[in-house]
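In case you want the letters, here they are:
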Amino acid sequence: MQAQQYQQQRQKFAAVFLAFIFILAAVDNAEAGKKEKPEKKVKKSDCGEWQWSVCVPTSGDCGLGTREGTRTGAECKQTMKTQRCKIPCNWKKQFGAECKYQFQAWGECDLNTALKTRTGSLKRALHNAECQKTVTISKPCGKLTKPKPQESKKKKKEGKKQEKMLD
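Parameters and conventions
Residues numbered from 1 in each chain as written. Predicted model: local features only at pLDDT ≥ 70, side-chain atom pairs only at ≥ 80, totals over all residues. Heavy atoms only, no water. Helix = DSSP H or I, 4+ residues; strand = E, 2+ residues; numbered from the N terminus. Buried < 20%, exposed > 50% of the residue type's maximum accessible area, 1.4 Å probe, protein only. Contact = heavy atoms within 4.5 Å. Areas by Shrake-Rupley, 256 points an atom, 1.4 Å probe, with all protein chains shown as cover. Patch = residues over 30% accessible without salt bridge, like charges linked within 9 Å, V, L, I, M, F, W, Y side chains within 5 Å. Salt bridge = Lys/Arg side-chain N within 4 Å of Asp/Glu carboxyl O. Pairing = 2+ DSSP bridges. Axes fitted to C-alpha atoms, helices over the stretch in contact; angles between N-to-C directions. Disulfide = S-S within 2.5 Å. Phe/Tyr/Trp six-rings, centres within 6.5 Å; stacked < 30°, edge-to-face > 60°. Core = buried A, V, L, I, M, F, W, Y, C linked by side-chain atoms within 4.5 Å.

Student: How would you explain the overall build of the chain if you had to name every residue and give the values?
Tutor: Tallying secondary structure elements over the chain gives two helices and seven strands in all. Looking at the chain as a whole, 13% of its 167 residues qualify as buried. Here the analysis covers contacts within the chain between residues at least 6 apart in sequence; of these, 39% occur between residues at least 24 apart. Per element, the accessible surface of the chain, about 15500 Å² overall, is 53% carbon and sulfur.

Put into structure tokens, the structure is as follows:
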């Protein structure tokens, strides 16, 4: 009985050993079958960065338009291209259509010039536009009227009430 057990253990060991050798050979063949790919060469372009012109609206002062981009380089396939763009119609165009400013509240009215002013700081510039850091705008003051004392209003109302009572 012991001889039989010994022989069975030996057969199991041989089977495991053969399976191990088979797996090892299969892995070795799989690795040998793979070709080493040469690393992709990073193609460094001789082209410069794109420089974009300002957005030119198709019609009017705002809305859809186009801008042209250029770049330099001896072996550039493309040195010019046109891109669609949009100029928001609610932006202050006097400071550049591609510059957005955050404005403070209007200041007090200057009685000498009859203007009130406010300043704005640059909030955003589209496509690397050259914008001023701060801008100042002014507008005419509204009609200047002296506030009437409330007593006169009360007197007028009382006067009207008395007239109605008399009628």
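Student: Help me get a handle on a nonpolar patch on the surface, residues and values and all.
Tutor: A contiguous nonpolar surface patch, about 560 Å² in accessible area, is contributed by Phe13, Phe17, Phe20, Ile21 and Leu24. Within the secondary structure, Phe20 is located in helix H1 (residues 2–33). Its relative accessible area of 53% is what places Phe20 among the exposed residues.

Student: Quick rundown of the sheet that holds strand S6 (residues 115–125)? Include the residues and the values.
Tutor: Spatially, the three strands line up as an open sheet ordered S5-S6-S7, and their pairing is antiparallel. Each edge of the open sheet carries a strand with a single partner, namely strand S5 (99–103) and strand S7 (134–140). Taking each pair of neighbouring strands and ignoring which way they run, the sheet shows an average axis angle of 40°. Bridging between S6 and S7 involves seven bridges; their strand directions are antiparallel. Directly across from Thr119, in S7, lies its bridge partner Thr136.

Student: Outline the state of the cysteines, listing residues and values.
Tutor: Inspection of the entire model under this criterion finds four disulfides. Here Cys47 pairs with Cys76 through a disulfide, and the sulfurs are 1.9 Å apart. On the criterion of sequence distance, the pair formed by Cys47 in the loop between H1 and strand S1 (51–52) and Cys76 in the loop between strand S3 (63–70) and strand S4 (80–87) is long-range, its members being 29 residues apart. The pair Cys47 / Cys76 is uniform in exposure class, with both members buried. Residue Cys55 pairs covalently with Cys85 via a disulfide, S to S 1.9 Å. One quick way to see it: the torsion about the S-S bond of Cys55 and Cys85 is about 90°, and its sign makes the bridge right-handed.

Student: I'd like a description of the packing of aromatic side chains, backed by residues and values.
Tutor: Aromatic rings considered in pairs are described by the distance between their centres and by the relative angle of their planes. For the structure on display, the rule yields three aromatic pairs. Residues Phe13 and Phe17 carry aromatic rings whose centres are separated by 6.3 Å and whose planes lie at 20° to one another, so their mutual orientation is stacked. In this pair, Phe13 and Phe17 both sit in helix H1, four residues apart, roughly one turn of the helix. Phe13 gets classed as exposed once you look at its relative accessible area, which sits at 59%. With a centroid separation of 5.8 Å and an interplanar angle of 25°, the aromatic rings of Trp50 and Trp52 are classed as stacked.

Student: Talk me through the nonpolar core; I want residue IDs and the actual numbers.
Tutor: Considering soluble globular proteins, one finds that nonpolar side chains tend to be buried as a cluster. In terms of nonpolar packing, the biggest core is built from six residues, these being Phe95, Cys99, Tyr101, Phe103, Val135 and Ile137. Elements that contribute at least two residues to this core include exactly S5 and S7. Looking at this core, the element that brings in the most residues is S5, giving three residues. Among all residues touching Val135, those that are not within four sequence positions of it are Phe95, Tyr101, Phe103, Arg118, Thr119 and Gly120.

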